[in-house]
Amino acid sequence: MQRLLTAVFLMVAAPVAAQDTEIRSVIEGQMQAFQNEDSAAAFDYASPGIQGMFGTPRNFGMMVRRGYPMVWNNAETQFLELRERNGALWQKIRIRDEAGGLHLMDYRMVQTEEGWQIDGVVELPAPDVGV
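Residues numbered from 1 in each chain as written. Predicted model: local features only at pLDDT ≥ 70, side-chain atom pairs only at ≥ 80, totals over all residues. Heavy atoms only, no water.

For the rest of this paragraph, the subject is the packing of aromatic side chains. Aromatic rings in a pair are described by how distant their centres are and how their planes are angled relative to each other. Scanning the entire structure with this criterion turns up 4 aromatic pairs. An angle of 55° between the planes, with centres 5.5 Å apart, marks the rings of F43 and F60 as tilted. Taken together, the residues span a long stretch of sequence, with F43 in helix α2 (residues 39-44) and F60 in helix α4 (residues 57-67) at a distance of 17 residues. Here F43 falls in the buried class, since its relative accessible area comes to 7%. With a relative accessible area of 5%, F60 lands in the buried category. When the centroid spacing of 5.8 Å and the interplanar angle of 65° are considered together, the rings of F54 and F60 count as edge-to-face. By way of ring pairs, the aromatic residues F34, F43, F54, F60 and W72 are connected into one cluster. (Phe/Tyr/Trp six-rings, centres within 6.5 Å; stacked < 30°, edge-to-face > 60°. Helix = DSSP H or I, 4+ residues; strand = E, 2+ residues; numbered from the N terminus. Buried < 20%, exposed > 50% of the residue type's maximum accessible area, 1.4 Å probe, protein only.)

This is the structure:
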């Protein structure tokens, strides 16, 4: 019975782990493109909806640089949980900006014919920290 349960767990866990790895790779790729100041490469990781909203890599890059400077140029990223919410997958990330500030970001991911793509990013409120 334990072997059966282990086999079922592995059948379910393998696709989730692969999905997690693919999503991380997409986000890391876009962040590396931002680090390299390559808006065109970063734009390729965005979903068709995001691409349509901004129209060009230049417009997209300017929005990220101005609105999300911690994403454009960061000192450190840490992937937290990947979760499903309202039928979409969201990847939570903690980012340390160049000045040492911490930011929690939530990446909405969608699967397209091109694979996983980023369909939006929101900054989450910082959690209350007790002393």
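Of all hydrophobic cores here, the largest spans 26 residues; its most connected members are I27, F60, V71, Y107 and M109. Mapped onto this core, the elements with two or more residues apiece are α1 (2-35), α2, α3 (48-54), α4, α5 (69-72), β2 (88-97), β3 (102-112) and β4 (115-124). A per-element tally of this core places α1 first, with 6 residues. With sequence-adjacent residues up to four places away left out, M109 is seen in contact with I23, V26, I27, L89, W116, Q117 and I118. (Core = buried A, V, L, I, M, F, W, Y, C linked by side-chain atoms within 4.5 Å. Contact = heavy atoms within 4.5 Å.)

Let's shift gears to α4. All of the buried residues along α4 are F60, G61 and V64. The arc that holds every buried residue of α4, seen down its axis, measures 95°, which confines them to one face. Residues R58 and R66 are exposed on α4 and point more than 90 degrees away from its buried face. (Arc of directions from axis to C-beta.)

Sheet topology places β3 next to β4; 8 bridges connect them, and they run antiparallel. Paired with Q111 across the two strands is W116, which belongs to β4. (Pairing = 2+ DSSP bridges.)

With that out of the way, let us pick up the pairing of β2. Note on strand geometry: in a regular strand, side chains alternate between the two faces of the sheet. Taking burial as the measure, the 10 residues of β2 include 8 buried ones, the bulk of the element. Relative to β2, strand β1 (residues 74-85) runs antiparallel, the two sharing 9 bridges. Its bridge partner being in β2, R85 is matched across the sheet by A88. If you look at the hairpin formed by β1 and β2, you'll find 2 residues sitting between the two strands, and N86 has a positive phi there, around 50°. Pairing analysis gives 8 bridges linking β2 to β3, with the strands arranged antiparallel. In the sheet register, K92 faces β3, and the bridge partner there is D106. Hairpin connection of β2 to β3: 4 residues between the antiparallel strands, including G100 at a positive phi of 95°.

Our focus in this paragraph is the side chain of N74. With respect to the element layout, N74 can be found in strand β1. Taking relative accessible area as the criterion, N74 reaches 12% and is therefore assigned buried. There is a polar contact of 3.4 Å between the side chain of N74 and the backbone nitrogen of E76. Other than its neighbours up to four places away in sequence, N74 contacts M31, Q35, I95 and R96. (Polar contact = N/O pair within 3.5 Å; in protein donor to acceptor, adjacent residues only side chain to side chain.)

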